[in-house]
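Structural description and commentary
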Amino acid sequence: MRAVVARGPGQFAMEDRPVPDLAPGHVLLRPLFNGICFTDKHVFDGHVARSAGLVLGHEFSAEVVGCAPNLGDWQVGERVSVDPRIRCGQCLACRAGLEMQCRDGGFLGVHGADGGLAEFVSVPSYALYRLPDSVAPLHAACVEAACCATRAVRSGVVAIGDNVVLLGLEDYNLYVAQWLKRQGGTVVAVDPDPARRAAALRFGASIALDPASETLVRDLRIAMPAGADVVMVAMEDYVPAAARYVAMAHRIARTQGQVVMMRAYGSQGFAAIEPSVAWLKELTIRHFGNFFGNEPARGGRPRGDWQVTLDAMARGAIAAPPPNTAIVEFSRLADDAEVSALFAGMPGSASKIIVDMNA
Ligand SMILES: [Zn+2]
Ligand SMILES: [Zn+2]
């Protein structure tokens, strides 16, 4: 089978691999759509550790083509969305529904197990979520990114009527904008890319601003004279403007406001912080790096961030993929050079890149 493999930094390749065997407790899948994310770009550049020779792809939807014995729950032909976390299910973190912190954890396509950028992939059955009829496989490939936004918003960082600033409009904050559509406050979206700003306006942001604008702080003060109740920061070091986001967040948050770190790639942004601002304003700084949880007290997996996101997509409350997404045909990734170019070229003008595995 054809598979996109991470051989080493700067060396992503199209390889011919055997179809994986069905290990006990596993389901064999035919991937349908694979989202490419900045984490893959960090693997490409050698910034994120990954197992050598791993098949990439951690944001994917798929169809079931085979089941290990005694996995009667899954039928051939069923369509699924795949939670990429490998976990033991026994340790304290797993039992607390915080599987991202599992002591023996892994992540399909990043470390510990092959991902979905191949004609077939074998995954543990616990990773699968059935697709509601109204969620297309293309949309389901976006659940992984969308449910990071779900987790932050439902964790209570935004109250009804809050004024919110979204700094950095990668897919995470574009999903946050959709969750905040009816919360009643003003939502200001900030990003250097005009296509992402347009997407945020379509998804419910009240105002969209360019961080390079000389009038940015003045425009924010007009929109939120008392300062922002909440600033949600997606700091991604491939976006030069993001190096100023954290310091800017501290500056535009109101006294006793909250700064929420949705993504925290790169150290430059932290180096730019003036520590006394957060101290004197009594800011609360929160981080959401567990990505998606299944906390038992909230109802466990049936009410976890992944399922809640899928249900919201099924109701039409969360739209995916973001406007201006580039769809790349898997068959067009003919050789190593084209595979590497796909990752080296990020961030391009597209909001998101998704690979159509059957085209
Ligand atoms: Zn991702
Ligand atoms: Zn565990």
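What counts, and where the lines are drawn
Residues numbered from 1 in each chain as written. Chains lettered and ligands numbered in written order. Predicted model: local features only at pLDDT ≥ 70, side-chain atom pairs only at ≥ 80, totals over all residues. Heavy atoms only, no water. Donors = N, O, S within 2.8 Å, 3.2 Å for Na, K, Ca; no water. Buried < 20%, exposed > 50% of the residue type's maximum accessible area, 1.4 Å probe, protein only. Tetrahedral: all angles 85-135°; square planar, octahedral: opposite > 155°, others 65-115°. Salt bridge = Lys/Arg side-chain N within 4 Å of Asp/Glu carboxyl O. Helix = DSSP H or I, 4+ residues; strand = E, 2+ residues; numbered from the N terminus. UniProt positions renumbered as here; feature names shortened; annotations may be inferred.

**Quick look at the coordination of the zinc ion (ligand 1)**
Within the protein, the zinc ion (ligand 1) binds to Cys37 (SG), His58 (NE2) and Glu59 (OE); these donor distances fall in the range 2.1 to 2.4 Å. As a motif over one chain, the donors of the zinc ion (ligand 1) read C-x20-H-E. For the pair shown, histidine 58 and glutamate 59 are each scored as buried.

**Here we look at the coordination of the zinc ion (ligand 2)**
Bound to the zinc ion (ligand 2) are the protein donor atoms Cys88 (SG), Cys91 (SG), Cys94 (SG) and Cys102 (SG), situated 2.3 to 2.4 Å from the metal. In this structure, the zinc ion (ligand 2) is surrounded by four donor atoms whose angles at the metal cover 103 to 119°, and the resulting shape is tetrahedral. Relative accessible area serves as the criterion here: at 6%, cysteine 91 is assigned to the buried category.

**Some thoughts on the pattern of salt bridges**
Applying the stated criterion to the full structure yields 23 salt bridges. One salt bridge connects glutamate 59 with lysine 352, and the closest N-O pair in it is separated by 2.8 Å. Of this pair, glutamate 59 sits in strand E5 (residues 59-67) while lysine 352 sits in strand E19 (residues 352-356), and the two are 293 residues apart along the sequence. This pair shows no difference in class: glutamate 59 is buried, exactly as lysine 352 is. Here aspartate 193 makes a salt bridge to arginine 196, at a shortest N to O gap of 4.0 Å. For aspartate 193, a relative accessible area of 16% translates into the label buried.

**Some remarks on the UniProt feature "domain: Alcohol dehydrogenase-like C-terminal" (unreviewed entry) in the chain**
Under the UniProt annotation, the feature "domain: Alcohol dehydrogenase-like C-terminal" (unreviewed entry) is placed at residues 175-294. As annotated, residues 175-294 has a helix share of 34% and a strand share of 26%, and its two end C-alpha atoms lie 19 Å apart.

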